[in-house]
Amino acid sequence: MNERVRVIGAPLDYGADRRGVDMGPSAIRYAGLAGELAASGRTAVDRGDLSVPRAEERDPDAETPVRGSAKFLREVRDVCERLSEAVEDTLAAGEFPLVLGGDHSIAIGSIQGSSRNADVGVIWFDAHGDFNTPETSPSGNVHGMPMAAALGHGSFAGTDWANAPGVDPENVVLVGLRSLDEKERLAIRESPVTAYTMSDIDERGITAVTEEALEVAGSAADGIHVSLDMDWLDPKEAPGVGTPVRGGVTYREAHAALEIVANRKVLRSLEVVEVNPILDSGNETASLAVELAASALGKRIL
Ligand SMILES: NC(=[NH2+])NCCC[C@H](N)C(=O)O
Ligand SMILES: [Mn+2]
Ligand SMILES: [Mn+2]
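Here we summarise the structure given alongside this text. (Residues numbered from 1 in each chain as written. Chains lettered and ligands numbered in written order. Predicted model: local features only at pLDDT ≥ 70, side-chain atom pairs only at ≥ 80, totals over all residues. Heavy atoms only, no water.)

Points about the overall build of the protein chain
Okay, step 1: When you go through the protein chain residue by residue, the secondary structure sums to 10 helices and eight strands.
Okay, step 2: When its C-alpha atoms are laid out on the principal axes, the protein chain stretches across 55 × 40 × 40 Å.
Okay, step 3: Counting over 302 residues, the protein chain shows a buried share of 57%.
Okay, step 4: When contacts within the protein chain are restricted to residue pairs at least 6 apart in sequence, long-range pairs at least 24 apart make up 75% of them.
Okay, step 5: For the protein chain, the accessible area works out to roughly 11700 Å², and carbon and sulfur atoms hold 47% of it.
Okay, step 6: Looking at charge distribution, the protein chain has the averaged site of its 28 positive side-chain charges lying 2 Å from that of its 49 negative ones. (Helix = DSSP H or I, 4+ residues; strand = E, 2+ residues; numbered from the N terminus. Buried < 20%, exposed > 50% of the residue type's maximum accessible area, 1.4 Å probe, protein only. Contact = heavy atoms within 4.5 Å. Areas by Shrake-Rupley, 256 points an atom, 1.4 Å probe, with all protein chains shown as cover. Lys, Arg positive; Asp, Glu negative; His and termini not counted. Charge placed at Lys NZ, Arg CZ, Asp CG, Glu CD.)

Shown next, in the form of structure tokens:
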């Protein structure tokens, strides 16, 4: 893993129907990101935020190049294209990309950038599968689609900006699922991706599940992209998210999982998404996002 960390903010809220998640990068920095990265033994450079046009000036239903419903897809595409380049440049410079969301649609850009000309596995810590397509999505929100977009499902097939050909679905692992839409559920079952629900974590424990996830994702030759959706955690720990679902992982389980990720030394890129300061209480979700990023990057107590 590269010692120098490059922080890239992606203050995008077009993929979610809740405003406020665009303030995530700011809240995460305010919660002490720089200090925690230093405490993880990393040298960090903050490249600031990608620019995102204001939503008030945009038309959610402006014509999009796909069938079905995908709100603000043009805007999501615009930001993801620039994010993909930023992540690719970071890796080319020998630095580690840490992407701050923004809603989860930014994963389309970070996964593509991380896997450009590389063989990369993905671990997706999330209450949701984010495996909808514009055809199956009940909401039309693109933050429910990034995993399907990366793998080229539905009308994302053959869309250069969205697909990540360097990611083999055999090396994709979803961890912590507890809220799936009906068609999304079938798509996950039919796909070669590996999925662990909260019941798997209940039965086998977070340590065994994370180790197995690393085994599966880690068979990709060039490392793993970890996508951490803060709604993976129980809403009691992380209230500041747009789509909370009861019954998530605890504070300790989340730290344990990310420490195990760090121990493997296969992490290639990391993103933390869906922090919504408007819905948060006392910036605690942003603080937790900072702590968990530090654990993933190797911070230890002793
Ligand atoms: N990244 C997220 N928080 N995704 C939530 C997705 C919710 C729902 N499954 C949808 O597609 O609309
Ligand atoms: Mn989620
Ligand atoms: Mn998500």
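A few points about the packing of helix H9 (residues 251-264) against helix H10 (residues 284-296)
Okay, step 1: Across the interface, H9 lies against H10 with an axial gap of 7 Å and an inter-helix angle of 30 degrees. Taken together, the axis directions place H9 and H10 in an arrangement best described as roughly parallel. Residue-level inspection shows Tyr251, Ala254, His255, Leu258, Glu259 and Ala262 of H9 in contact with H10, the latter providing Leu288, Glu291, Leu292, Ser295 and Ala296.
Okay, step 2: Among the residues making up the contact of H9 with H10, the classes are represented as seven nonpolar, two polar and two charged. (Axes fitted to C-alpha atoms, helices over the stretch in contact; angles between N-to-C directions. Parallel < 35°, antiparallel > 145°, perpendicular 65-115°, else oblique. Nonpolar A, V, L, I, M, F, W, Y, C, P; charged D, E, K, R; others polar.)

Notes on the sheet that holds strand S8 (residues 267-273)
Okay, step 1: In spatial order, the strands read S2-S1-S3-S8-S7-S4-S5-S6; together these eight strands make up an open sheet with parallel pairing. On the outer flanks of this sheet lie strand S2 (43-49) and strand S6 (194-197), each paired with one strand and no other. Strand-to-strand twist across the sheet, computed as the mean angle between neighbouring axes with direction ignored, equals 15 degrees.
Okay, step 2: Pairing of strand S4 (residues 121-125) with strand S5 (residues 172-177), which is carried by four bridges, proceeds in the parallel orientation. Note on S5: the bridge partner recorded for Val122 is Val172.
Okay, step 3: Docked against the sheet, H10 engages strand S7 (224-229) and S8, running at close to 175 degrees with respect to S8. (Pairing = 2+ DSSP bridges.)

A few points about the nonpolar core
Okay, step 1: Membership of the largest hydrophobic core comes to 48 residues, with the highest contact counts inside it found for Leu98, Ile123, Phe125, Val175, Val226, Met230 and Trp232.
Okay, step 2: Take this core: its biggest share by element is seven residues, from H10.
Okay, step 3: With residues up to four places along the chain from it excluded, the contact list for Val226 reads Ile123, Phe125, Leu258, Val261, Leu267, Ser269, Leu270 and Glu271.
Okay, step 4: Counting residues in hydrophobic clusters, the runner-up holds 25 residues, among them Ile8, Ala70, Ala86 and Phe156. (Core = buried A, V, L, I, M, F, W, Y, C linked by side-chain atoms within 4.5 Å.)

Thoughts on the site of ligand 1
Okay, step 1: What surrounds ligand 1 is a group of 13 residues, the closest being Asp130, Asn132, Ser139, Asp181 and Thr243.
Okay, step 2: The side chain of Ser139 places a nitrogen or oxygen atom 2.5 Å from an oxygen atom of ligand 1.
Okay, step 3: One of the side-chain nitrogen or oxygen atoms of Asp181 is found 2.7 Å away from a nitrogen atom of ligand 1.
Okay, step 4: Relative to its free-state accessible area of 350 Å², ligand 1 is covered by the protein chains to the extent of 93%.
Okay, step 5: Here the residues of the shell around ligand 1 are counted per class, giving no nonpolar, seven polar and six charged. (Near = heavy atom within 4 Å. Polar contact = N/O pair within 3.5 Å; in protein donor to acceptor, adjacent residues only side chain to side chain.)

Re H10
Okay, step 1: Taking 1.5 Å of rise per residue, 13 residues should cover 18 Å, and H10 covers 18 Å from first to last C-alpha, within 8% of that figure.
Okay, step 2: Counting buried positions along H10 gives 10 out of 13 residues, so the element sits mostly inside the fold.
Okay, step 3: For H10, every residue scored as buried is listed here: Thr285, Ala286, Leu288, Ala289, Val290, Leu292, Ala293, Ala294, Ser295 and Ala296.
Okay, step 4: Where the residues of H10 are buried, they touch helix H1 (24-30), helix H2 (33-39), S7, H9 and S8.
Okay, step 5: A positive phi of about 105 degrees marks Gly298, the residue just after H10. (Expected span 1.5 Å × (residues − 1).)

Regarding the coordination of the manganese ion (ligand 2)
Okay, step 1: Bound to the manganese ion (ligand 2) are the protein donor atoms Asp126 (OD), His128 (ND1), Asp229 (OD), Asp231 (OD) and Asp231 (OD), situated 2.1 to 2.4 Å from the metal.
Okay, step 2: For the manganese ion (ligand 2), all donor residues lie on one chain, and their spacing in sequence is D-x1-H-x100-D-x1-D.
Okay, step 3: The manganese ion (ligand 3) is placed at 3.2 Å from the manganese ion (ligand 2), the two being bridged by Asp126. One end of the pair, Asp126, is in the loop between S4 and helix H5 (146-150); the other, Asp229, is in strand S7, with 103 residues separating them in the sequence. With respect to class, Asp126 is no different from Asp229; both count as buried. (Donors = N, O, S within 2.8 Å, 3.2 Å for Na, K, Ca; no water.)

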